[in-house]
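Examination of the molecular architecture
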Amino acid sequence: MNPKHLFALSPDCRAQYQSQPDHFPGYVREKSIEYEHPPYIEKTTLRFWYNTQPDGYETHWHDAQEIIIPLEESYCVTAQDVVYHLAPGDILLIPPGCLHSIEESDAGSRFVFLLGLDFFCQLENFIQIRALLSQPVLISADSCPEIYEREISLIMEIAAHYWSDNPAKQLSIYARMMDFYACYAGYHWKCAQPLPASQSIPRSEDLPQKLNHLLAYLGQHYAENISLDEAAGMAGLSRYYFTRIFKQHTSQTYYDYLSFLRIQAAEELLKDRSRSIADISAACGYASISSFNRVFRKLKGVSPSEYRKYMH
């Protein structure tokens, strides 16, 4: 059970959090919206809500990361065809571009945060963390016991700053989000399944830097046919060691990560309705539309043409 005192709100906070600091309307989502344009606060890429509405929301997506934290009562969210039954205090991170839906709730309250990641992606050290965030992440007292108290405390501090009169509150929010991501990434890498001593990866002080450079290179050249052996060579590792260390640091295989980058690019290109599916497929590095359709459906749960329909 999550310690409720870590995320309990005082009556004063409940009253204060009902209104947006810039007087923007409260948590409103039109059920007909399928592709959302995140209503960020002016000159930022963030918007946080204290939500007490019982409404459910049909399948939709947006370019922001969504973070959902039930405070009172449970909340049911489906993301990438996985159903998450969130207990109070659980933290669910939904990646940008991820189709997700929210079931109607009879009662309760929750935080719903929308956060653009472009700012963080400008930081070189964020690139491996971004790989971890490419899939839904659940942080709870059960799944991440060593860091849960720190993570939920940061969320509560972020909320307090968001609704404060502090002129430097945006800096405080971004600083705590960096801490939040770094804490989760450090925990993930620490808990990564170690190799047996007889199979330990050769030590290299510049290995993290090489991985960062490789990930940055893949981010620019994802459409090219970069083999596993070529990628391993860029990291200065044999194919054998590279396969294992790449999975440890990104939570994905090399080819799965390459597919993620290609489909992420396809999501953006699909917004341009003048471009055909065949053109987008080729631009993202696929030799055939059938391969593109198969990978897209595997990662998004729908075909590219169906995904495009969510952009009305």
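Our structure's up above, just so we're on the same page.
All of the points below concern the structure found in this document. On a predicted model such as this, the values are computed, not experimentally measured, just so you know.

**Structural notes on the nonpolar core**
Core analysis: the biggest nonpolar cluster contains 45 residues, and Ile69, Ile91, Leu93, Phe111, Ile139, Phe180 and Tyr181 have the highest contact counts within it. Elements with a contribution of two residues or more to this core: β2 (46-51), β4 (65-72), β7 (91-94), β9 (109-115), α3 (127-132), β10 (137-139), α4 (148-162) and α5 (169-191). When near neighbours in sequence (up to four residues on either side) are disregarded, Ile139 contacts Asp90, Ile91, Leu93, Cys144, Tyr148, Glu151, Phe180 and Tyr184.

**As for the packing of aromatic side chains**
Think of a pair of aromatic rings as described by two things: how far the centres are apart, and how the planes are tilted against each other in angle. Applying the stated criterion across every chain yields a total of 27 aromatic pairs. Taken together through their ring pairs, the aromatic side chains of Tyr17, Phe48, Tyr50, Phe111, Phe113, Tyr162 and Trp163 make up a single cluster. Taking the ring centre of Phe24 as reference, the NZ or CZ of Arg47 above it sits at 4.1 Å. Sitting above the plane of the Tyr286 ring, Arg262 keeps its charged end 5.4 Å from the centroid.

**Things to note about the packing of helix α6 (residues 207-221) against helix α9 (residues 254-269)**
Contact pair α6 / α9: the axes reach a minimum separation of 9 Å and the direction vectors enclose 45 degrees. In terms of orientation, α6 and α9 fall into the oblique class. Handedness of the crossing formed by α6 with α9: right-handed. The residues of α9 that touch α6, namely those facing Leu215, Leu218 and Gly219, are Tyr254, Tyr257, Leu258 and Leu261. Class assignment of the residues belonging to the contact of α6 with α9 gives a composition of six nonpolar, one polar and no charged.

**Observations concerning the layout of surface pockets**
In this approach, a probe sized like a water molecule rolls over the atoms, and the result shows the empty space that is left. Each pocket or cavity is described by its volume, and for the largest pocket that value is around 1,200 Å³. Residue lining of the largest pocket: 49 residues in total, with Arg130, Ser134, Phe260, Leu261 and Gln264 positioned closest to the centre. Secondary structure elements with two or more residues in the lining of the largest pocket: α2 (118-121), α3, α6, α9 and α11 (289-300). The element best represented in the lining of the largest pocket is α9, accounting for 10 residues. Partitioning the lining of the largest pocket into residue classes produces 20 nonpolar, 17 polar and 12 charged.

**Concerning a nonpolar patch on the surface**
On the surface, Phe119, Leu123 and Met178 cluster together into a nonpolar patch covering about 230 Å² of accessible area. By the element assignment, Phe119 lies in helix α2.

**Looking at the pairing of strand β6 (residues 82-86)**
Relative to β6, strand β5 (residues 75-79) runs antiparallel, the two being bridged by five bridges. Bridging from a neighbouring strand, Cys76 pairs with His85 of β6. The antiparallel pairing of β5 with β6 creates a hairpin that spans two residues between the two strands, and Gln80 there sits at a positive phi of about 50 degrees.

**What about the sheet that holds strand β1 (residues 35-36)?**
Judged by pairing direction, the sheet is mixed, and its five strands sit side by side in the order β1-β3-β8-β5-β6 without closing on themselves. Each edge of the open sheet is held by one strand with a lone partner, namely β1 and β6.

**Some details on the packing of α4 against α5**
Contact pair α4 / α5: the axes reach a minimum separation of 9 Å and the direction vectors enclose 165 degrees. Taken together, the axes of α4 and α5 lie roughly antiparallel to each other. Between α4 and α5 lies a crossing whose hand is left-handed. On the side of α4, the interface is formed by Arg150, Glu151, Leu154, Ile155, Glu157, Ile158, His161 and Tyr162, while α5 contributes Lys169, Ser172, Ile173, Arg176, Met177, Asp179, Phe180, Cys183 and Tyr184.

**Details of the side chain of Asp90**
Relative to the helices and strands, Asp90 resides in the loop between β6 and β7. We note that Asp90 is buried and unpaired, the nearest opposite charge coming from Lys4 at a distance of 12 Å. One polar contact links the side chain of Asp90 to the main-chain amide nitrogen of Ala87, over a distance of 2.9 Å.

Basis of the calculations
Residues numbered from 1 in each chain as written. Predicted model: local features only at pLDDT ≥ 70, side-chain atom pairs only at ≥ 80, totals over all residues. Heavy atoms only, no water. Core = buried A, V, L, I, M, F, W, Y, C linked by side-chain atoms within 4.5 Å. Buried < 20%, exposed > 50% of the residue type's maximum accessible area, 1.4 Å probe, protein only. Helix = DSSP H or I, 4+ residues; strand = E, 2+ residues; numbered from the N terminus. Contact = heavy atoms within 4.5 Å. Phe/Tyr/Trp six-rings, centres within 6.5 Å; stacked < 30°, edge-to-face > 60°. Lys NZ or Arg CZ within 6 Å of the ring centre and 35° of its normal. Axes fitted to C-alpha atoms, helices over the stretch in contact; angles between N-to-C directions. Parallel < 35°, antiparallel > 145°, perpendicular 65-115°, else oblique. Left-handed = near helix turned anticlockwise from the far one by under 90°. Nonpolar A, V, L, I, M, F, W, Y, C, P; charged D, E, K, R; others polar. 1 Å grid on protein atoms, 1.4 Å probe; cavity = no way out; pocket = protein on both sides within 12 Å on 5 of 7 lines; lining within 4 Å. Points joined across faces, edges and corners; volume = space filled by probe spheres on them. Patch = residues over 30% accessible without salt bridge, like charges linked within 9 Å, V, L, I, M, F, W, Y side chains within 5 Å. Areas by Shrake-Rupley, 256 points an atom, 1.4 Å probe, with all protein chains shown as cover. Salt bridge = Lys/Arg side-chain N within 4 Å of Asp/Glu carboxyl O. Pairing = 2+ DSSP bridges. Lys, Arg positive; Asp, Glu negative; His and termini not counted. Polar contact = N/O pair within 3.5 Å; in protein donor to acceptor, adjacent residues only side chain to side chain.

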